[in-house]
Amino acid sequence: MTWTDRFRAMRMDVTPLRESRDFRLLFTAGSVFYLGSMVAYVAVPFAIYDLTGSNLMVGLVGLVELGPLVVFGLYGGALADHVDRRRLLVVTGVAQVALMGAFAWNAFSAQPRVWLIFVIAALYAAVSSMQRPSREALEPRTVRHDQIAAANALSSFAMQFGVLLGPLVGGLLVAYVGVGWCFLAGLVGYSVATLLFAAMRPYPHDGETTPPSLRGIHEGLTYALRRRDLLGTYLVDIAAMMLAIPVVLFPALAHEVFDRPELLGLLYSAETVGALVATALSGWVGRVHHHGRAIVIAASLYGACIALAGLMPSFWLACLFLALSGAADMVSAVFRSTVWNQTIPDTMRGRLAGIEMLSYSVGPMVGETRAGFVADAWSVRGAIVSGGVACVGGVLLTAAALRDFWSYDSRTDAHAVAERERRAAAADPAD
């Protein structure tokens, strides 16, 4: 095989985009959605700081959003297993447009109100938490079963593109035309995404569903805990987010360690660049069947690269290892999503998506506290290196304790086989 053939084999598989109209709509909606949301993401903390001059007030936004995220994330997952997920995407999309309009109205008013920003932020967290489980649970139904890994990689690429470009656009809008225009950009993005959701065909559930309730949420939690392969994916994600994520330390790393504060933005973008490159070269993921081992190896490499970034003597070498960590984290994420989408029954997929959302949303909040405490008690480098090493240890302990997770094989796993046979029997079309 020539080097040209090897490169072609690594290129991102775009078959789902070619073959499925609804996946194209979902992919395009996700691209616009993430771009708009990340532009608005820049605006909220800036608006609060500009009005109050208080870092504490900026930090309180996360605390205000935490409760709605947990409650409505779980409820939204249960709701996604009962109603048409496409309809839920449209309804929550309309609500997001309205809330972004409220943000813009407040920003353009003569006397913007800080308390109103907090109220809208809490409502927005509730609506977004209700929407995301439906979006993630719907994706497998828009593609063939054998295209799930490729679809996950494409969706990850759309998300990372928005994460990389959105803050840049938001920063420029804040600097040159004002924070209100960031919210207008978010409003346009959400409007386009909602119209694209509306253009998809309906996706009613095939059989009897469970109405959203505490009993239904408990049923989802019990299912997740009993599936040791699924439990392994959650624990690996928590280990990475809670122990190794270094974002909160980037300002200190740029200013105190490397004395290059003007290059702080590169630290924030390095992991995203690595993730984009990894997804662009993700054509090989569909040929891997031992997903548990792939997750363990990729997550261990993530932790190791974070630790090495903290040890590097130069700013540019630190950026290199941060980029490599982003690539490893993206590979882990693609395989985790593949395990979820290939094995979880459609009747449970919304609730499990809600649980999964909590693992990667709450984890960073705790991880930032850990990193800040260790940095103050020891050093910035020590906090980054120890977090990376702890991540590797946590991932390896998870693999050792959960053998079903480590030995997962999509060709023979009972849950994967059952879901594949169910999809084949149902012959769910993806036009």
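As the structure is a computational prediction, the values presented were derived from the model and not from experiment. (Residues numbered from 1 in each chain as written. Predicted model: local features only at pLDDT ≥ 70, side-chain atom pairs only at ≥ 80, totals over all residues. Heavy atoms only, no water.)

### Regarding the overall build of the protein chain
A count of helical and extended segments in the protein chain gives 18 helices and 0 strands. Computed over its C-alpha atoms, the radius of gyration of the protein chain comes to 21 Å, within 12% of the 22 Å expected for a compact globule of 431 residues. A total of 431 residues make up the protein chain; the buried ones form 53% of that total. Excluding contacts between residues fewer than 6 apart, the proportion of contacts in the protein chain whose partners are at least 24 apart in sequence is 86%. When the accessible surface of the protein chain is summed, it comes to about 18,800 Å², and 68% of that surface belongs to carbon and sulfur atoms. (Helix = DSSP H or I, 4+ residues; strand = E, 2+ residues; numbered from the N terminus. Rg over C-alpha atoms; globule rule 2.2 N^0.38 Å. Buried < 20%, exposed > 50% of the residue type's maximum accessible area, 1.4 Å probe, protein only. Contact = heavy atoms within 4.5 Å. Areas by Shrake-Rupley, 256 points an atom, 1.4 Å probe, with all protein chains shown as cover.)

### Some words on the nonpolar core
Within the largest apolar cluster, 65 residues are counted, with the highest numbers of intra-cluster contacts made by Leu230, Leu267, Tyr302 and Leu352. Among the elements that make up this core, the one with the highest residue count is helix H14 (residues 315-343) (13 residues). By size, the runner-up hydrophobic cluster in this structure holds 37 residues, among which are Val97, Leu99, Val114 and Phe197. (Core = buried A, V, L, I, M, F, W, Y, C linked by side-chain atoms within 4.5 Å.)

### Thoughts on H14
Helix length check: H14, at 29 residues, gives a terminal C-alpha distance of 42 Å against a target of 42 Å (1.5 Å per residue), a fit within 8%. Most of H14 sits out of view: 23 of its 29 residues are buried. (Expected span 1.5 Å × (residues − 1).)

### Concerning the pattern of salt bridges
In total, this model carries 16 salt bridges according to the counting rule given. Where Glu136 meets Arg132, a salt bridge forms, and the shortest distance between an N and an O atom there is 2.9 Å. Remark: Arg132 and Glu136 occur in helix H6 (residues 114-138); sequence separation between them is 4 residues, near one turn of the helix. Each of Asp81, Arg85, Arg141, Glu219, Asp346, Arg349, Arg351, Glu419 and Arg422 takes part in salt bridges that share partners, so that together they form one network. (Salt bridge = Lys/Arg side-chain N within 4 Å of Asp/Glu carboxyl O.)

### A word on helix H18 (residues 414-426)
Residues spaced three or four apart along an α-helix face the same direction, because each turn holds 3.6 residues. With 13 residues, H18 extends 18 Å between its outermost C-alpha atoms, agreeing within 8% with the 18 Å of an ideal straight helix rising 1.5 Å per residue. Considered for burial, the residues of H18 that qualify are Ala416, Glu419 and Arg423. The arc that holds every buried residue of H18, seen down its axis, measures 70°, which confines them to one face. Those residues of H18 that are exposed and aimed more than 90 degrees away from the buried face are Ala414, Glu421, Ala424 and Ala425. (Arc of directions from axis to C-beta.)

### Here's the deal with the packing of aromatic side chains
Given two aromatic rings, one states the distance between the centres and the angle between the planes to describe the pair. Summed over all chains, the structure comprises 10 aromatic pairs. Between Phe33 and Tyr190, the aromatic rings sit 5.1 Å apart at their centres with planes inclined by 45°, giving tilted as the arrangement. Of this pair, Phe33 sits in helix H3 (residues 21-52) while Tyr190 is found in helix H8 (residues 179-199), placing the two residues 157 residues apart along the sequence. For the pair Phe33 and Tyr190, one class covers both residues: buried. Note on Phe258 and Phe315: the rings are 5.9 Å apart at their centroids and 85° apart in plane angle, and the pair reads as edge-to-face. Here Phe315 lies in helix H14 and Phe258 lies in the loop between helix H11 (250-257) and helix H12 (264-280), a separation of 57 residues in the sequence. The burial state of Phe258 is the same as that of Phe315; both residues are buried. In textbook terms, an aromatic cluster arises when at least three aromatic residues are bridged by ring pairs, as seen for Phe33, Tyr34, Tyr124 and Tyr190. (Phe/Tyr/Trp six-rings, centres within 6.5 Å; stacked < 30°, edge-to-face > 60°.)

### Digging into the side chain of Asn152
Within the fold, Asn152 resides in helix H7 (residues 148-176). Classification of Asn152 as buried rests on a relative accessible area of 4%. Excluding residues within four positions of it along the chain, Asn152 makes contact with Glu139, Val334, Ser337, Thr338 and Asn341.

### Some words on the environment of Gly67
If you trace the backbone, Gly67 turns up in helix H4 (residues 55-80). Since its relative accessible area comes to 37%, Gly67 is described here as partly exposed. With 69 residues separating them along the chain, Gly67 and Glu136 place their C-alpha atoms 21 Å apart.

### Details of the packing of helix H10 (residues 228-244) against helix H13 (residues 291-311)
Contact geometry of H10 with H13 gives a least axis separation of 11 Å together with a crossing angle of 5°. As far as their axial angle goes, H13 and H10 are roughly parallel. Seen from H10, the contacting residues are Thr233, Val236, Ala240, Met241 and Ala244; seen from H13, they are Ile295, Ala299, Tyr302 and Ile306. Considered class by class, the residues forming the contact of H10 with H13 number 8 nonpolar, 1 polar and no charged. (Axes fitted to C-alpha atoms, helices over the stretch in contact; angles between N-to-C directions. Parallel < 35°, antiparallel > 145°, perpendicular 65-115°, else oblique. Nonpolar A, V, L, I, M, F, W, Y, C, P; charged D, E, K, R; others polar.)

### Overview of the environment of Gly388
With respect to the helices, strands and loops of the structure, Gly388 is situated in helix H16 (residues 380-401). With relative accessibility at 0%, the residue Gly388 sits in the buried group. Along the backbone, Gly388 and Leu66 are 322 residues apart, and their C-alpha atoms lie at a distance of 25 Å. If sequence neighbours within four positions are ignored, Gly388 has contacts with Ala244, Gly303, Ala304, Ile306 and Ala307.

### Describing the environment of Val247
Turning to its location among the elements, Val247 is positioned in the loop between H10 and H11. Separated by 137 residues in the primary sequence, Val247 and Ile384 have C-alpha atoms spaced 9.6 Å apart.

### Focus: unusual backbone geometry
Residue Asp259 is not a glycine yet carries a positive backbone phi of 55°. Structurally, Asp259 is set in the loop between H11 and H12. A relative accessible area of 56% means that Asp259 is categorised as exposed.

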